[in-house]
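Chain and residue survey
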Amino acid sequence: MAKERRKAVLELLQRPGNARCADCGAPDPDWASYTLGVFICLSCSGIHRNIPHVSKVKSVRLDSWEDVQVEFLASRGNAVARATFESQVPPFYYRPSASDCQLLREQWIRAKYERQEFTHPERQEPYSAGYREGFLWKRGRDNGQFLSRKFVLTEREGALKYFNRSDAKEPKAVMKIEHLNATFQPAKIGHPHGLQVTYLKDNSTRNIFVYHEDGKEMVDWFNALRAARFHYLQVAFPGASDADLVPKLSRNYLQEGYMEKTGPKTEGFRKRWFTMDDRRLMYFKDPLDAFARGEVFIGSRESGYTVLDGLPPSTQGHHWPHGITIVTPERRFLLACETESEQRAWMEALRKVVDRPMLPQEYAVEAHFKHKP
């Protein structure tokens, strides 16, 4: 009897919608919540276990099942649950995938099932109101210490501001929503809720690093920033559909890590932290630097950009063996990776960008771009 019930649960995985995790989309979910009626992956099952008053989970293959649990799973399933618990997800709200950090996945699961924010839209106020203020821990540009700073996001002004003192009249910085990006970077920042915010200042990228001890608070800030970007883009591109705008709200970096580089005048290679942000390849002395030491615009193949495996035979001074040569219309950039797998990952990221035709606005960026040594 127990075998038959388990077999019945396994058969339910073949139904449309059940072949991927209900929460992060990972293939072949091996767990199920018998109180919510969804099939989930191992990673998301761990988050469900932290909300036992809402969700109780079992292994599809290893645990024993009761008739009533099998019947409930059969009556629900991922597609039905999605129609219920995700019926009113705002288009700007970030839906995490299996590759996203623990915090994003946990808060998505709690928002859906525990707080039911997408069945009760009034509970979306923290990120959909168009205005938000509060205190975040911000890393100091020079001393590296995290200090409490007041932040204000105002959609009407199209800006995120922060103040060095809570009673300060003038903000320390005004970040225009038009040029703002936010991405979670827990490993880099050294905090599970660490968020990296970037904006353009005089056509150069400026980084700030923040966190909040409360995970919900940090994810609400992230989605509030996406909401502000969404409304800015709706005005800027009135004919665009939600599907066109959503990919532009925030972006994760294509690739990050250490490489060695040499300048145009020196033979010496220096180790630097590189970040590939869309068409901007930036390098930093330290991963948490506020400003890049240099930025290289990576255009398309049609515009004379290519990425080559290896370095010119005459190259000297590099310690790491796996070279990459980036050819731009102005000059060549010589880089070296420590391992072959890192080189492959960088080559793949760079070639993806080079193979993509440039948009009209990217030609304008290229024209203003100053290649820095």
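These numbers come from a predicted model, not from an experiment.

Here's the deal with the sheet that holds strand S3 (residues 57-59)
Taken in spatial order, the three strands make up an open sheet running S2-S1-S3, and their pairing is antiparallel. Strands with a single pairing partner mark the edges of an open sheet, and in this sheet they are strand S2 (38-40) and S3. Taken over all neighbouring pairs, the strand axes of this sheet differ in orientation by 30° on average, direction set aside.

Details of helix H3 (residues 67-75)
Taken together, the buried positions of H3 are occupied by Gln69, Val70 and Leu73. The arc that holds the buried residues of H3, viewed along the axis, is 100°, so those residues lie on one side. H3 presents Val68 and Glu71 as exposed residues on the side facing more than 90 degrees away from its buried surface. Positive backbone phi, at 90°, marks Gly77, one or two positions downstream of H3.

Focus on the sheet that holds strand S7 (residues 173-176)
Within the open sheet, the seven strands sit side by side as S7-S6-S5-S4-S10-S9-S8. Their pairing is antiparallel. Edge positions in the sheet fall to S7 and strand S8 (181-184), since each has one partner strand and no second. On average, adjacent strands in this sheet sit at an angle of 35° to one another, irrespective of strand direction. As paired strands, strand S4 (residues 131-139) and strand S5 (residues 146-154) are joined by nine bridges and run antiparallel to one another. Residue pairing in the sheet places Tyr131 in a bridge with Thr154 of S5. Where helix H8 (residues 215-236) meets the sheet, it contacts S4, S5, strand S6 (159-163), S8, strand S9 (195-201) and strand S10 (204-211), and its direction lies at approximately 120° from that of S4.

Here's the deal with the UniProt feature "domain: PH" (unreviewed entry) in the protein
The positions UniProt marks with the feature "domain: PH" (unreviewed entry) are residues 129-230 and 252-355. In the segment residues 129-230, helix accounts for 20% and strand for 45%; the C-alpha atoms at its two ends are 13 Å apart.

What counts, and at which threshold
- In every chain, residue numbers begin from 1 and rise along the written sequence.
- For this predicted model, a pLDDT threshold of at least 70 governs which residues receive local features, and a threshold of 80 or more governs which side-chain atom pairs are given and counted, while totals over whole chains, interfaces and linings are taken from all residues.
- Each side-chain value is derived from all of the structure's non-hydrogen atoms; neither hydrogens nor water enter the calculation.
- Two strands pair under a simple rule: DSSP has to find at least two bridges between them.
- Each helix is a run of H or I in the DSSP string that is no shorter than four residues. Each strand is a run of E no shorter than two, and both are numbered from the N terminus.
- For helices, the fitted axis covers only the stretch in contact; all axes are lines through C-alpha atoms, and the angles between them, taken along N-to-C directions, range from 0 to 180 degrees.
- The buried label goes to any residue with under 20% of its type's maximum accessible area, the exposed label to any with over 50%, and the partly exposed label to all in between, with areas taken from a 1.4 Å probe on protein chains only.
- Regarding the arc, it is the one traced by the directions from the helix axis to the C-beta atoms.
- By definition in these notes, contact holds between two residues if any of their heavy atoms fall within 4.5 Å.
- UniProt positions are given in the numbering used here, feature names are shortened, and annotations may be inferred rather than shown by experiment.

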